[in-house]
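Each chain, letter by letter, is given below.
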Amino acid sequence: MAGKRSQRFLCILNIIFLFAYLMVCLTPFLRSGSFWFIAAAGLVFPFLLLALIVLLIIALIRRSRPLILLNIAVLFLGIQQILAVFAFHLPQKTEDTRPDGCLRVLSWNVNRWVEGNQQQQGQQGFRKMMMDMVQLQDADVLCFQEFFESYDPLMAESSAGLLKKMGYPYSYFFPSSKIYEKKYQFGVSIFSRYPLTDSGQFITTDHPHSEGYCYVDLKWEGQPLRIFTTHLESFGIRNVEQEAGSGLGGRLKYSYELRNYQASLLGEAVRQSP
């Protein structure tokens, strides 16, 4: 009797985890704003995967053929989510010399060059090291999020000036925040080795620190290209306004709905791009 009860308990537990696992695997195909609770469950996907593997091992030990086949089939169905979460990629070497007809684009959230955390770093800034890393990539176009620019040389050296010396004379900067009498500005920016023929910006939400998106048009090998860069709103679980609702669930709901709205605005801009 005890054996049957334990078998039934394991079977029910297995089905519950299988159902939760499959729900999370649907996140790439659902709008996170409408199905925020499923998207939020994706945060615990690694634990669901581990639970299924443990349950599969238990099924193998018990030689429960139906559960073995069911677990393997469901794990296989979620292979896309597994690859997305754990990012299994074979090492690829970036070639120093590029073939003809190749445009190299770098995108990097530079977190304001981490200059704001110098006290924790023993007054050691990272901007020079990060600039060296940018230069090593030898990209034609640079897209930065959380870009920091100083317009007071006594306070900090200009980031745009440093990049211009590195061979990127053309740029467009969309500052979403301006402090210290507008001497410090933060936002999204694009730098290019090629002349820019047009540019534009759009704030996706009237919300503190929302960076929106910007774009530039350039001519490359005789053809026009439009390049976008954006930074969707950070989750900011600790800083979400009270109207978002009380508790973690309400805050997650607010964050997913906001990011989904911003992504839809950018998606429409891309679709309408000439």
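In this text the structure is predicted, and so the values were computed from the model without any measurement. (Residues numbered from 1 in each chain as written. Predicted model: local features only at pLDDT ≥ 70, side-chain atom pairs only at ≥ 80, totals over all residues. Heavy atoms only, no water.)

K.L.:
Sorry, what's going on with the overall build of the protein chain here?
P.N.:
Within the protein chain one finds eight helices and seven strands. Classification of the 274 residues of the protein chain by burial places 37% in the buried group. The long-range share in the protein chain, meaning contacts at least 24 apart out of those at least 6 apart in sequence, stands at 63%. Surface accessibility of the protein chain: about 17,100 Å² in total, with carbon and sulfur atoms responsible for 60%. (Helix = DSSP H or I, 4+ residues; strand = E, 2+ residues; numbered from the N terminus. Buried < 20%, exposed > 50% of the residue type's maximum accessible area, 1.4 Å probe, protein only. Contact = heavy atoms within 4.5 Å. Areas by Shrake-Rupley, 256 points an atom, 1.4 Å probe, with all protein chains shown as cover.)

K.L.:
Honestly, the sheet that holds strand β4 (residues 184-192) in this entry has me stumped. Any pointers?
P.N.:
Within a sheet, adjacent strands bond to each other through the backbone by hydrogen bonds, running parallel or antiparallel. Strand order in the open sheet made by the four strands is β1-β2-β4-β3, with mixed pairing throughout. For this open sheet the edge positions go to β1 (105-109) and β3 (170-179), each flanked by a neighbour on one side alone. Averaged over neighbouring strand pairs, the angle between their axes works out to 25° when direction is ignored. Here β3 runs beside β4; their pairing, made up of nine bridges, is antiparallel. From the neighbouring strand, Tyr170 faces β4, where its bridge partner is Ser192. On the sheet, helix α6 (residues 127-137) packs against β1 and β2 (141-150) and is oriented at approximately 160° with respect to β1. (Pairing = 2+ DSSP bridges. Axes fitted to C-alpha atoms, helices over the stretch in contact; angles between N-to-C directions.)

K.L.:
I keep staring at a nonpolar patch on the surface and nothing clicks. Help me out?
P.N.:
A cluster of nonpolar side chains, contributed by Ile79, Leu83, Val85, Phe86 and Phe88, occupies part of the molecular surface with about 450 Å² of accessible area. On the secondary structure map, Phe86 appears in helix α5 (residues 79-86). (Patch = residues over 30% accessible without salt bridge, like charges linked within 9 Å, V, L, I, M, F, W, Y side chains within 5 Å. Salt bridge = Lys/Arg side-chain N within 4 Å of Asp/Glu carboxyl O.)

K.L.:
Would you take a moment to explain the packing of aromatic side chains for this structure?
P.N.:
Think of a pair of aromatic rings as described by two things: how far the centres are apart, and how the planes are tilted against each other in angle. What the rule picks out here adds up to 13 aromatic pairs. With 5.7 Å between their ring centres and 25° between their planes, Phe144 and Phe147 make a pair best called stacked. Put simply, the rings of Trp113, Phe144, Phe147, Phe173 and Phe191 touch in pairs and so form one group of aromatic residues. Positioned above the aromatic ring of Phe186 is the side chain of Arg112, whose terminal nitrogen or guanidinium carbon lies 3.9 Å from the ring centre. (Phe/Tyr/Trp six-rings, centres within 6.5 Å; stacked < 30°, edge-to-face > 60°. Lys NZ or Arg CZ within 6 Å of the ring centre and 35° of its normal.)

K.L.:
Could you clarify how one ought to interpret the nonpolar core in this entry?
P.N.:
Generally speaking, nonpolar side chains in soluble globular proteins are found buried as a group. Ranked by internal contacts, the top residues of the largest apolar core, which has 21 residues, are Trp113, Leu142, Phe144, Phe147, Leu163 and Phe191. Listing elements by their share of this core, those giving two or more residues are α6, β2, α7 (159-165) and β4. Broken down by element, this core gets its largest block of residues, four residues, from β2. Non-local contacts of Phe191, meaning those with residues more than four positions away in its chain, are made with Asp140, Val141, Leu142, Phe144, Phe147, Ala160, Leu163, Tyr168, Tyr170 and Ser171. Counting 16 residues, the second-largest nonpolar core is a separate cluster that includes Tyr21, Cys25, Leu55 and Val74. (Core = buried A, V, L, I, M, F, W, Y, C linked by side-chain atoms within 4.5 Å.)

K.L.:
Teacher, can you tell me more about empty space enclosed by the protein here?
P.N.:
Rolling a probe over the atoms, with the probe sized like a water molecule, indicates the empty space that remains. In the structure shown here, the tally under the stated rule is one cavity of 30 Å³ or more. Approximately 60 Å³ is the volume found for the largest cavity. Looking at the lining of the largest cavity, the elements that each hand over two or more residues are α1 (2-25) and α3 (45-62). A total of four residues in the lining of the largest cavity trace back to one element, the largest contributor, which is α3. By residue class, the composition of the lining of the largest cavity is five nonpolar, three polar and one charged. (1 Å grid on protein atoms, 1.4 Å probe; cavity = no way out; pocket = protein on both sides within 12 Å on 5 of 7 lines; lining within 4 Å. Points joined across faces, edges and corners; volume = space filled by probe spheres on them. Nonpolar A, V, L, I, M, F, W, Y, C, P; charged D, E, K, R; others polar.)

K.L.:
I tried to follow the pattern of salt bridges on my own but got confused; where do I start?
P.N.:
Pairs may arise between side chains of opposite charge once their charged atoms sit close together. Counted by the stated rule, this structure contains eight salt bridges. A salt bridge links Asp152 to Lys183; the shortest N-O distance between them is 3.7 Å. Of the two residues, Asp152 sits in the loop between β2 and α7 while Lys183 sits in the loop between β3 and β4, which places them 31 residues apart along the sequence. Notably, a salt bridge pairs Glu268 with Arg271, separated by 3.0 Å at the nearest N-O pair. On the criterion of helical spacing, the pair formed by Glu268 and Arg271 is a turn pair, its members being three residues apart in helix α8 (residues 247-272). Glu268 sits in the partly exposed class, given a relative accessible area of 33%. For Arg271, a relative accessible area of 61% puts it in the exposed group.

K.L.:
What exactly am I supposed to notice about the side chain of Gln185 here?
P.N.:
Structurally, the position occupied by Gln185 is in strand β4. A polar atom in the side chain of Gln185 sits 3.0 Å from the backbone oxygen of Lys182. Filtering out sequence-adjacent residues up to four positions away, Gln185 remains in contact with Phe147, Phe148, Glu149, Tyr151, Phe173, Pro175, Ser177 and Lys178. (Polar contact = N/O pair within 3.5 Å; in protein donor to acceptor, adjacent residues only side chain to side chain.)

K.L.:
In this structure, what is going on with the packing of α3 against α5? I would like to understand it.
P.N.:
Any two packed helices are characterised by the angle at which their axes cross and by the distance between the axes. One can describe the packing of α3 onto α5 by two numbers: an axis separation of 11 Å at closest approach and a directional angle of 125°. When the axis of α3 is compared with that of α5, the two are oblique. Once α3 is placed against α5, the crossing between them reads as left-handed. Residues Phe45, Pro46 and Leu49 of α3 lie in contact with α5, whose contacting residues are Gln81, Ile82, Val85 and Phe86. Partitioning the contact of α3 with α5 into residue classes produces six nonpolar, one polar and no charged. (Parallel < 35°, antiparallel > 145°, perpendicular 65-115°, else oblique. Left-handed = near helix turned anticlockwise from the far one by under 90°.)

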